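Below are the chains, spelled out letter by letter.
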Amino acid sequence: MDKNDSKDEQLTPSEPTNIDIQNQVEQFMDDPIVNKSGQIEIDDNGILSKPEDPTVKEDSNNIKVSQDDKETDKIVEDIIKDESDIVIKAHDEKVAQFSAPPKKPKGLKRFFGAWWHNKLARWLTILVVVGGLAAVFIIPTTRYFILNKIGVRSSMTVQVIDAKSGRPVKNVETTVQGQKVLTNEQGNASFNNLLLGTTDMLLAKRSFATETIPVTVGWGSNPFGSPFEITPTGTKFRFTVQDWLTGSPLAKATVSDGESEAVTNEKGEAELTIEPTDNDIVATVSADMYLSKSVTIPANSEESQQVQLVPSKKDIFLSNRSGKISVYSRYIDNTEELVLLAGTGNEQDSTQLLAHPSKDIAILSSSRDGKRDSKGAILSALYLIDANSKQVEQISDSSSNNIRIVGWVGDSIVYVLGNGATVDNPTDQQKLVAFNSATGQVKELAKSAYFGDVKIADNNVYYVTSALDQAQTGAGLSVIAIDGSRQKVLIDKPIWSVNRINQSQLIVNAQEDKWYQVNIPNNDVKNLEGRPPLVKDYQFIINPYAQNMVYVDVRDGKGTILLNDLSTQDKPAQEIVRQSGLQTMPLRWITPTVILYSVNTPQESANYVVDTQVKKSLKVGDVTNTGNGDFR
């Protein structure tokens, strides 16, 4: 098969190579040698052929009439042959292009190559992917699903309250995703390691309707802003809780049967819901700073229960009802009286007892051991007594033939020990000492031949030292902190008296009838021109629970308890109670509003309590007066 024939078989009439051949023909027709007829013929093989010249005629023997045209015909044939070769070559090249197209990438490679080189498609795809991911995390369901799959866990805290009273409910069994937690006193329950998403929380408690509540566990600690309610369904018991002394309502008192619990409102009212039962109900009523009280309620009773609570702080006192001076304790309603330290019969009438202003401890000075010094003088010692634990501790190195209790400063008791003739140096016959009841530490603050007035103010001790005679030095007024630091001499001359006239001032009478004023906050000393018009001496007892204090004054021959507001100096002192025989000491805070005080008259020696708000007083019980609380 001819090469040209082989190539021609691959072409179709629609192929564009005919255009190229036409171009070649047009170029050929422009040649002047081509016949003037303007026509050229192409055979079926694409070969140019010479057209017949109409001017030339052949004879019957096929002999051309014009001999001159032979040469022309030959030239034309050669041209046609050459041009035909050129056209065929061009034709072959075109056919080769269409018969062997370039190889193109296939499958994913071709797709991604085209995608990458198309900038619009590339960015559009990226935006779609990013938007899709954002949509996944915006939609909670898909977000939580993905986070759970990668191991993210969360925590949750809920509060459960009574649907009717609005108060927290204790011991509610709270279940979330199989975890069971009981609510605490604030009604709170916390969960950890929770799957994210919507889940059910189950609330169950006796005497309450079981609740199933859908909750959503988000990413984080999930502190719900609003509490969840549980509805009471059991038997309701109503309580009114009051203060024993005044009958005033007690808010925030708790009523409980051990399972259910209720808290009183501002009116002292509470409603306790208990699962119905045929048995009597035993409820416990309690409040801060008060004794708890048990109440038995018949199961079929619907009456409101009125409960009065007594302060939990105890009255600690001396009594010789047995013929011996012993130390007792009792509550201020004169119940549960106990002997803390029984007398031995060696106690003197000078036995002293001073209870702490706010704690159930007391310091006792007693000769109960019956010991004597080398001169035969009876020795006393100091004992720390705890009314709650009933423990008694003798303070080390406190044995002396003369003990004077000054007062409490925080946890420390300040006292003076006199050693009389038992010391070698007469100028050291007495020691000023502080004992810390919390740490057991004994701190010697000062020594002197004799200590005159000793006052306590603002955690400082003001004391008067005396020389054996006026010619000796060392007499004067000094101040020292309760821890033994910041000792300072304020007035360096013999002192006759020191009186605390108010919360912030001392009036001092010194040798040559000189008068001074000491400002307690900064210990500045000011000379006075003469005796002030009114000089009294007070002992101020600061309220450990509020911004006020009390002290005793004598008005119309009766002891009067006065209360000062520490938050302002503008308000005058408020009179709380006035009573014959009311002593300067002891004064003791039982609650933020109740004070215990002592009365000593020919008719009785007893302890009383009074409320500073309603000003109601009641007798607690009899005591033995040993003379350490007289007016001064």
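Everything below is about the structure shown above.
Residues numbered from 1 in each chain as written. Predicted model: local features only at pLDDT ≥ 70, side-chain atom pairs only at ≥ 80, totals over all residues. Heavy atoms only, no water.

Draft legend 1. Region of interest: the nonpolar core. Core analysis: the largest hydrophobic core is formed by 31 residues, its most contacted members being I363, I413, Y415, V550, I561, L587 and Y597. When residues in this core are grouped by element, the largest group, four residues, is from strand β40 (residues 582-589). With residues up to four places along the chain from it excluded, the contact list for I413 reads L354, I363, I405, G407, W408, V433, A434 and F435. Counting 19 residues, the second largest nonpolar core, distinct from the first, contains A262, Y290, I297 and V307. (Core = buried A, V, L, I, M, F, W, Y, C linked by side-chain atoms within 4.5 Å. Buried < 20%, exposed > 50% of the residue type's maximum accessible area, 1.4 Å probe, protein only. Helix = DSSP H or I, 4+ residues; strand = E, 2+ residues; numbered from the N terminus. Contact = heavy atoms within 4.5 Å.)

Draft legend 2. Focus on the sheet that holds strand β30 (residues 476-481). Sheet architecture is open: four strands sit in the order β28-β29-β30-β31, paired in antiparallel fashion. The outermost strands of the open sheet, each flanked by one partner alone, are β28 (450-457) and β31 (488-491). Neighbour-to-neighbour, the strand axes of the sheet open up by a mean angle of 25 degrees, direction not taken into account. As paired elements, β30 and β31 share three bridges and run antiparallel to each other. Looking at the pairing, L477 lines up with I491 of β31. (Pairing = 2+ DSSP bridges. Axes fitted to C-alpha atoms, helices over the stretch in contact; angles between N-to-C directions.)

Draft legend 3. The arrangement of the pattern of salt bridges in detail. Using the criterion set out here, one finds 18 salt bridges in the structure. Residue D315 pairs with R330 through a salt bridge whose shortest N-O separation is 3.1 Å. Placement of D315 in strand β17 (residues 314-319) and of R330 in strand β18 (residues 326-331) is noted, with a sequence separation of 15 residues between them. By relative accessible area, which is 1% here, R330 ends up buried. Note that R368 and E347 form a salt bridge whose closest N and O atoms lie 3.7 Å from each other. Linking R368 in the loop between β21 (361-366) and β22 (381-386) with E347 in the loop between β19 (338-341) and β20 (352-355), this pair joins segments that are 21 residues apart in sequence. The burial state of R368 is the same as that of E347; both residues are buried. (Salt bridge = Lys/Arg side-chain N within 4 Å of Asp/Glu carboxyl O.)

Draft legend 4. Region of interest: the pairing of strand β15 (residues 293-297). Pairing of strand β14 (residues 281-286) with β15, which is carried by five bridges, proceeds in the antiparallel orientation. Looking at β15, one finds that V282 is bridged to T296. Where β14 hands over to β15, the hairpin turn is made up of six residues, of which M289 adopts a positive phi near 75 degrees.

Draft legend 5. Up close: the packing of aromatic side chains. Within this structure, the stated rule accounts for six aromatic pairs. With a centroid separation of 5.8 Å and an interplanar angle of 15 degrees, the aromatic rings of Y597 and Y608 are classed as stacked. Of this pair, Y597 sits in strand β41 (residues 594-600) while Y608 is found in strand β42 (residues 605-611), placing the two residues eleven residues apart along the sequence. Each member of the pair Y597 and Y608 is classed as buried. (Phe/Tyr/Trp six-rings, centres within 6.5 Å; stacked < 30°, edge-to-face > 60°.)

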